[in-house]
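Residue-level structural notes
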Amino acid sequence: MEISGLLRAYIQSVQLAPTADNSQPICYTVNNREHSILSGFDRDRCAGFFLGSDSHAYQISLGANLENGLRFCHHHNLANRYEVYDKDINNLSYKITFNNDTEAENDIPTEILGRHTNRWPYKLDAISEELLTVCSSFAEGDVSITILTQPDDRKQLAALIGLASEMRFQTPEIHNWLYETLRMTPTEVAGNDGLDIKTI
């Protein structure tokens, strides 16, 4: 099915959002007639292999996906409405509908392209001091960002993260799941899901 340039650009933007362990668990159902896209768990591809549709990993992935979508709409000044379907935790999804099919510029906004969490190859350069200063001022409710600049603070946080990681892998199920997500060969990596072993 041929989809409009607007809907295609939207999908390209939301696909850049990070997903848990690069599992890519989201599929998109396009409705050209009502100019809408339903984003939900990809049961055909991911059932029985990745973390399920009721997992926190999928929920966070879907939320990041929606965030990119709303940023796309705001950048292009597109009137839209979205509905989150969360009554059944096993079928968590959302649908975004555009009020009309006006062809916006079909580019991915720079604010999405520049996000540090995008699915780009790892960068070797550090985040700029200017960006760190801007980020440190962000706050919403009880949520804020703290930038750790002192080596001792970083070591303390790294130790806590290491402990949390060790606690996470206390069951055979988690070990088996991690192994199944690893991609060993260039052919496997080309599938654009899972973890490229060379980057670990």
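Presented here is a report on the structure given in the accompanying data block. (Residues numbered from 1 in each chain as written. Predicted model: local features only at pLDDT ≥ 70, side-chain atom pairs only at ≥ 80, totals over all residues. Heavy atoms only, no water.)

All right, on to the overall build of the protein then. Summing up its helical and strand segments, the protein has 8 helices and 8 strands in all. When the accessible surface of the protein is summed, it comes to about 13300 Å², and 55% of that surface belongs to carbon and sulfur atoms. (Helix = DSSP H or I, 4+ residues; strand = E, 2+ residues; numbered from the N terminus. Areas by Shrake-Rupley, 256 points an atom, 1.4 Å probe, with all protein chains shown as cover.)

Further remarks concern helix H3 (residues 56-75). When the terminal C-alpha atoms of H3 are compared, their 29 Å separation across 20 residues agrees well with the 28 Å that a helix rising 1.5 Å per residue should span. Ala-57, Tyr-58, Ser-61, Leu-62, Ala-64, Asn-65, Leu-66, Asn-68, Gly-69, Phe-72 and Cys-73 are the residues of H3 that are buried. Following H3 by one or two positions, Asn-77 has its phi on the positive side, about 55°. (Expected span 1.5 Å × (residues − 1). Buried < 20%, exposed > 50% of the residue type's maximum accessible area, 1.4 Å probe, protein only.)

Spatially, S1-S2-S4-S3 is the arrangement adopted by the 4 strands of the open sheet, whose pairing is antiparallel. Looking along the sheet, the strands with just one partner apiece sit at the ends: strand S1 (26-31) and strand S3 (80-85). Looking at each pair of strands side by side, their axes are set apart by 15° on average, direction ignored. Across 6 bridges, the pairing between S3 and strand S4 (residues 93-98) is antiparallel. (Pairing = 2+ DSSP bridges. Axes fitted to C-alpha atoms, helices over the stretch in contact; angles between N-to-C directions.)

For the coordinates displayed, the defined rule picks out 3 aromatic pairs. Taken together, a centroid distance of 5.8 Å and an interplanar angle of 85° make the contact between Tyr-10 and Phe-72 edge-to-face. With Tyr-10 in helix H1 (residues 5-14) and Phe-72 in helix H3, the pair connects residues that are 62 residues apart, well separated along the chain. Here the two residues Tyr-10 and Phe-72 agree in accessibility, since each one is buried. One aromatic cluster is present, built from ring pairs that chain together Tyr-10, Phe-72 and Phe-98. (Phe/Tyr/Trp six-rings, centres within 6.5 Å; stacked < 30°, edge-to-face > 60°.)

On to the packing of H1 against H3. The N-to-C vectors of H1 and H3 enclose an angle of 135°; their axes lie 8 Å apart at closest approach. On the basis of their axis angle, the class for H1 and H3 is oblique. Two packed elements cross with a definite hand, and for H1 against H3 that hand is right-handed. In this structure, H1 uses Leu-6, Ala-9, Tyr-10, Ser-13 and Val-14 to contact H3, whose residues at the interface are Asn-65, Asn-68, Gly-69, Phe-72 and Cys-73. (Parallel < 35°, antiparallel > 145°, perpendicular 65-115°, else oblique. Left-handed = near helix turned anticlockwise from the far one by under 90°. Contact = heavy atoms within 4.5 Å.)

By secondary structure assignment, the location of His-75 is in helix H3. Sequence spacing of His-75 and Pro-109 is 34 residues, and the spatial spacing of their C-alpha atoms is 6.5 Å. Not counting residues within four places of it along the chain, the set of residues in contact with His-75 comprises Asp-107, Pro-109 and Glu-111.

Right, let's get into the pattern of salt bridges. For the structure on display, the rule yields 3 salt bridges. For Glu-34, the salt bridge is made with Lys-95, and the minimal N-O distance between the two is 3.3 Å. With Glu-34 in the loop between S1 and strand S2 (36-41) and Lys-95 in strand S4, this pair connects stretches of sequence that are 61 residues apart. Exposure remark for Glu-34: the relative accessible area of 27% places this residue in the partly exposed category. For Glu-111, the salt bridge goes to Arg-71, with nearest N and O atoms at 3.1 Å. Of this pair, Glu-111 sits in helix H4 (residues 110-113) while Arg-71 sits in helix H3, and the two are 40 residues apart along the sequence. Taking the relative accessible area as the measure of exposure, Glu-111 reaches 33% and is therefore partly exposed. (Salt bridge = Lys/Arg side-chain N within 4 Å of Asp/Glu carboxyl O.)

This part is about the pairing of S1. Inspection of the sheet shows S1 paired to S2 by 6 bridges, in the antiparallel sense. Paired with Ile-26 across the two strands is Phe-41, which belongs to S2.

Once that is clear, we can look at unusual backbone geometry. Glycine aside, the phi torsion of most residues is negative, and most peptide linkages are trans. A positive phi angle is found at His-35, which is not glycine, with a value near 55°. Along the chain, His-35 turns up in the loop between S1 and S2. Positioned with a positive phi, Asn-77 is a non-glycine residue whose angle comes to about 55°. Within the secondary structure layout, Asn-77 lies in the loop between H3 and S3. Note on Asn-77: relative accessible area 70%, which makes it exposed.

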